[in-house]
Amino acid sequence: MASPQITRDDCLQMDASDPLAAFRQRFQTPKADTIFLDANSMGAMPATVPAHMQSFFDEAWVELRRQGWNHFEWMERPFQIGAAISHLIGAEPDDVIACDNTTVNLYKLLTYAWRVRLNGRVILTEDTNFPTDLYVAQGLPGALDGDPVITVCESRQQLIDSISPDTAVIYLSHVDYRSGERWDMADINRRAHEAGALTVWDLSHSAGAIPVDLMTSQADFAVGCGYKYLSGGPGGAAYCWVHPDHGDKAWPTICGWMGHGDVFAFATEYTPHKGTWRHATGTPAVIANEVFSCAADIWREVDASTLWSKHRALGNLMINLLEQECSDLGVSVNTPKEYDLRGGHIGFSHEGAGPLCEALLAAGVVGSFRKPDALRFGLGALYLSYTDIWTTVERLKEILQSESWRDPKFQKVSV
Ligand SMILES: Cc1ncc(COP(=O)(O)O)c(C=O)c1O
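What counts as what
- Residues numbered from 1 in each chain as written.
- Predicted model: local features only at pLDDT ≥ 70, side-chain atom pairs only at ≥ 80, totals over all residues.
- Heavy atoms only, no water.
- Phe/Tyr/Trp six-rings, centres within 6.5 Å; stacked < 30°, edge-to-face > 60°.
- Buried < 20%, exposed > 50% of the residue type's maximum accessible area, 1.4 Å probe, protein only.
- Pairing = 2+ DSSP bridges.
- Helix = DSSP H or I, 4+ residues; strand = E, 2+ residues; numbered from the N terminus.
- Axes fitted to C-alpha atoms, helices over the stretch in contact; angles between N-to-C directions.
- Contact = heavy atoms within 4.5 Å.
- Near = heavy atom within 4 Å.
- Polar contact = N/O pair within 3.5 Å; in protein donor to acceptor, adjacent residues only side chain to side chain.
- Areas by Shrake-Rupley, 256 points an atom, 1.4 Å probe, with all protein chains shown as cover.

## Focus: the packing of aromatic side chains
(1) Moving on: All told, the structure shown has 14 aromatic pairs when counted by the stated rule.
(2) Moving on: Taking the centre distance of 5.4 Å and the plane angle of 70° together, the rings of phenylalanine 56 and phenylalanine 57 count as edge-to-face.
(3) Moving on: Classification of phenylalanine 56 by relative accessible area gives buried; the value is 7%.
(4) Moving on: Using a relative accessible area of 30% as the deciding quantity, one classes phenylalanine 57 as partly exposed.
(5) Moving on: A ring pair is formed by tryptophan 257 and phenylalanine 264, whose centres lie 5.9 Å apart and whose planes are at 80°; its orientation type is edge-to-face.
(6) Moving on: In this structure tryptophan 257 comes out as partly exposed when scored by relative accessible area, which is 38%.
(7) Moving on: Each residue in the set Phe56, Phe57, Trp61, Trp69, Phe72 and Trp74 is aromatic and connected to the rest through ring pairs, giving one cluster.

Here's what the structure looks like:
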């Protein structure tokens, strides 16, 4: 029997019983009637940011200046933000810090993993990993002792088959930034450990959207972007996590004063802080961290499993509606439909994906285009409603039916 058609009323009902509905008001709504589906690129702004930053400028920078370090918690922010998001990635609060960007954290932890590895010379990854992840690895042979060999696999199966006693480190994006495919993190951690290798995960497209359980799945190291699903703000800090078993095994790659065991002792000799905190480098990005702290205040209140359930339901709804309303208009969902195999965004292929993305923008739906034919919608579960998903698909359908995306004004595609 065919499943019943989904209606707008169904979406309204789901909104009415959404346990996270109140969080929507905690984010700034856009002025125009726009639906932002780009949490995989830039999460929404917490509503408290403008007032918080105004008082930061007026009270802290103008009035207090350097006394701000004492009056406010600028030094503690990296650890406070890390603790606030820790439950979203299955980590202990003291093991996560918000600092630097993802690329720098990746370099810090890959090089650290190399030094504390048990065996092997091969660093394994896959060719669909995000470019910065690939580039960081390409730079490692010139930077590390011990002749690392970087092996970039062309498929997931090839990666699994390549794990051997010569594997030192496996580093992967938990969710592929293009296809939305999710790795089975526990499975890879197990295979890695059986071969004596360590794992480094990039959680940029999973944290704040789908379940991540670093401790239970026995991951070794993780990094991720703060400005995507976590709403840390443009250019906001990334984060890094080190399994407590590895925390004190070696000095960090960058022995900065913020990673010293006693920062204000101003000691001549370096003594690393305990655990992940030793990977803090220099002065935190205070202004950016003040922005991120507004999101951290929200994340502290969010129950992770409720968040993941809503994200799952939003994703299912989007897939079902795309199929129901648009499959005979050339839309074919290309992210995995099975929940356990997908990540934070839902994507589909269409011959005119680029112009379609532009036409959607003009109709107040913000998604993102990836060559050659993919359109992605990143789902921010704290502020999107089920009716938003309905409206998105209705607007898409209208554009497809009218073929307005073929208009010359939509042919210049932004990236
Ligand atoms: C998987 C992944 N890693 C890293 C980054 C960016 O890293 P960074 O914070 O160094 O710019 C992105 C950006 O989109 C990403 O998708």
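## Quick look at the sheet that holds strand 6 (residues 198–202)
Note: strands within a sheet are paired through backbone hydrogen bonds, in either parallel or antiparallel orientation.
(1) Moving on: Read across the open sheet, the 7 strands follow the order 2-8-7-6-5-3-4; overall the sheet is mixed. Looking at strand neighbours, the two that pair on one side only are strand 2 (96–99) and strand 4 (149–153), the edges of this open sheet. Sheet twist, expressed as the mean angle between neighbouring strand axes with direction ignored, is 20°.
(2) Moving on: Against the sheet, helix 4 (residues 77–86) contacts strand 2 and strand 8 (238–242), and its axis sits at roughly 125° relative to strand 2.

## A closer look at the site of the ligand
(1) Moving on: Around the ligand, a shell composed of 13 residues is seen, among which Thr102, Thr103, Asp202, His205 and Lys228 lie nearest.
(2) Moving on: Separating an oxygen atom of the ligand from a side-chain N or O atom of threonine 103 is a distance of 2.4 Å.
(3) Moving on: Here a nitrogen atom of the ligand and a side-chain polar atom of aspartate 202 are 2.7 Å apart.
(4) Moving on: Considered on its own, the ligand offers 400 Å² of accessible surface; in the complex 85% of this is hidden by protein.
(5) Moving on: Broken down by secondary-structure element, the contributors of at least two residues to the shell around the ligand are helix 5 (102–116) and helix 6 (131–143).

## Let's talk about unusual backbone geometry
Trans is the common state for peptide bonds, and a negative phi is the common state for residues other than glycine.
(1) Moving on: Proline 372 follows lysine 371 through a cis peptide bond whose omega is 0°.
(2) Moving on: Within the fold, proline 372 resides in the loop between strand 12 (368–370) and strand 13 (374–378).
(3) Moving on: Its identity as a non-glycine residue notwithstanding, aspartate 147 has a phi of 50°, on the positive side.
(4) Moving on: With respect to the helices, strands and loops of the structure, aspartate 147 is situated in the loop between helix 6 and strand 4.
(5) Moving on: In the Ramachandran plot, serine 231 falls in the positive-phi region, its phi being about 60° despite a non-glycine side chain.
(6) Moving on: With respect to the element layout, serine 231 can be found in the loop between strand 7 (221–224) and strand 8.

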